[in-house]
Amino acid sequence: MTTTFTDAFFRTAEGHAAWGAEQLDELGRVLPGGPWTADLAQCVYQSAGRTIRVGLLGSYDLSEQSWLWGWANPGLRGSAVVAASERIAEFGRLNGVPELQHAGVDLSGFGDPRQAAEAIAFVGMGVLGAPGYLGESAGPETRVYFAPDDPQIPHAKLDSIAMPRFLTTGAGLFGHSARQVVSGYFAHHGVTVEAGADRISARLPDGSTTEITFDALGRIAAINSTLGGR
């Protein structure tokens, strides 16, 4: 019985961890939650007075404690709403990530299966570069997960003031490689970095500079920034 994710999954997850946390923060401001409806045939989701286009990532069965990717749902195969999940499966095949390429993932051996399902949805969002993901209860035993695909949902911009918070949050999400978290964050934002044995330095779009140092265990030890002119 599987009790944790594979190393390939963790490597993928870490690259998206910090910017994903940043993006979910942005999504929460646009869609704060509440009653919702969805029309899968039309690829639309409605909540908080907004109607947005989405793709179906997958679903989590609480009784079976298992994840099913949208493309593998017998009633939805080949439909437009699961096209995004098909791209995730292709990524999984090309990069050797079992959790992303197989139809389902048994999560019953995990300490917190529902949190593991959230992690899969999070990584699916990251692979797609989507502006967040939405997890909703679709009955007493099912949660469904959507990825927005709509210009109404903005992509978060790098904010040098908030950046340290998202780097440390991202490093704590999976706890696998803080260096991958930091590198993935800057790569997502198109920021060139200089990497040393125990540090990563970057010049940010607003002209400021930042240096992240790592301790002997590879954890973030410090984030030091110097303000620059705008």
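Residues numbered from 1 in each chain as written. Predicted model: local features only at pLDDT ≥ 70, side-chain atom pairs only at ≥ 80, totals over all residues. Heavy atoms only, no water.

A. Summary view of the side chain of glutamate 99. You can see glutamate 99 is positioned in helix α3 (residues 98–101). No salt bridge forms around the buried glutamate 99; measuring N to O, its nearest opposite-charge neighbour arginine 11 is 9.3 Å away. Setting aside residues up to four positions removed in sequence, glutamate 99 forms contacts with Phe5, Thr6, Phe9, Trp69 and Val105. (Helix = DSSP H or I, 4+ residues; strand = E, 2+ residues; numbered from the N terminus. Buried < 20%, exposed > 50% of the residue type's maximum accessible area, 1.4 Å probe, protein only. Lys, Arg positive; Asp, Glu negative; His and termini not counted. Salt bridge = Lys/Arg side-chain N within 4 Å of Asp/Glu carboxyl O. Contact = heavy atoms within 4.5 Å.)

B. Structural context of helix α5 (residues 163–174). For α5, every residue scored as buried is listed here: Met163, Phe166, Leu167, Gly170, Ala171 and Phe174. Buried residues of α5, seen end-on, are gathered within an arc of 135° and therefore sit on one face of the element. Summarising the contacts, the buried residues of α5 are in contact with α1 (7–30), α4 (113–128), α6 (178–188), β10 (209–214) and β11 (220–226). (Arc of directions from axis to C-beta.)

C. Local environment of the packing of aromatic side chains. Scanning the entire structure with this criterion turns up 13 aromatic pairs. Taking 4.8 Å as the distance between ring centres and 55° as the angle between the ring planes, the aromatic pair formed by phenylalanine 5 and phenylalanine 110 counts as tilted. Taken together, the residues span a long stretch of sequence, with phenylalanine 5 in the segment before α1 and phenylalanine 110 in the loop between β5 (104–106) and α4 at a distance of 105 residues. Given a relative accessible area of 8%, phenylalanine 5 falls into the buried group. Note on phenylalanine 9 and phenylalanine 10: the rings are 6.4 Å apart at their centroids and 75° apart in plane angle, and the pair reads as edge-to-face. One exposure class covers both phenylalanine 9 and phenylalanine 10, and it is buried. Counting every residue linked through ring pairs, the aromatic cluster contains Phe5, Phe9, Phe10, Phe110, Phe122 and Phe174. Over the ring of phenylalanine 166 we find arginine 165, and its NZ or CZ is 4.4 Å from the ring centre. (Phe/Tyr/Trp six-rings, centres within 6.5 Å; stacked < 30°, edge-to-face > 60°. Lys NZ or Arg CZ within 6 Å of the ring centre and 35° of its normal.)

D. Looking closely at the side chain of glutamate 118. Examined against the element boundaries, glutamate 118 turns out to sit in helix α4. On the basis of relative accessible area, glutamate 118 is assigned to the buried category, the value being 15%. Excluding anything up to four places from it in sequence, glutamate 118 contacts Tyr133, Arg143 and Tyr145.

E. Up close: the packing of α1 against α4. Where α1 contacts α4, the axes come no closer than 8 Å and their chain directions differ by 85°. As the angle between them shows, α1 and α4 are arranged roughly perpendicular. For the pair α1 and α4, the contacting residues are Phe9, Thr12, Ala13, His16, Ala17, Trp19, Gly20, Ala21 and Leu24 in the first and Ala119, Ile120, Phe122, Val123, Met125, Gly126 and Val127 in the second. The residue makeup of the contact of α1 with α4, split by class, is 12 nonpolar, four polar and no charged. (Axes fitted to C-alpha atoms, helices over the stretch in contact; angles between N-to-C directions. Parallel < 35°, antiparallel > 145°, perpendicular 65-115°, else oblique. Nonpolar A, V, L, I, M, F, W, Y, C, P; charged D, E, K, R; others polar.)

F. Inspection of the sheet that holds strand β8 (residues 193–195) at higher detail. Read across the sheet, four strands follow the order β8-β9-β10-β11 without closing on themselves; strand pairing throughout is antiparallel. Where the open sheet ends on each side, the last strands, each with one partner, are β8 and β11. Each strand of the sheet is rotated relative to its neighbour by a mean of 15°, with strand direction disregarded. Of the strand pairs in this sheet, β10 and β11 are connected by six bridges, and their pairing is antiparallel. Opposite phenylalanine 214, over in β11, you have isoleucine 220 as the bridge partner. Running at roughly 165° to β11, α5 makes contact with β10 and β11 of the sheet. (Pairing = 2+ DSSP bridges.)

G. Structural context of the pattern of salt bridges. Tallied over the full model, the rule gives seven salt bridges. Here glutamate 118 ties to arginine 143 by a salt bridge, and the two come within 3.6 Å at their closest N and O atoms. Highlighted residues: glutamate 118 in helix α4 and arginine 143 in strand β7 (residues 142–148), separated in sequence by 25 residues. Residue arginine 143 is classed as buried on the basis of its relative accessible area, which comes to 9%. In this structure, the salt-bridge partner of glutamate 211 is arginine 199, at a minimum N-O distance of 3.0 Å. Separated by 12 residues along the polypeptide, glutamate 211 in strand β10 and arginine 199 in strand β9 (residues 199–203) bring together distant segments of the chain.

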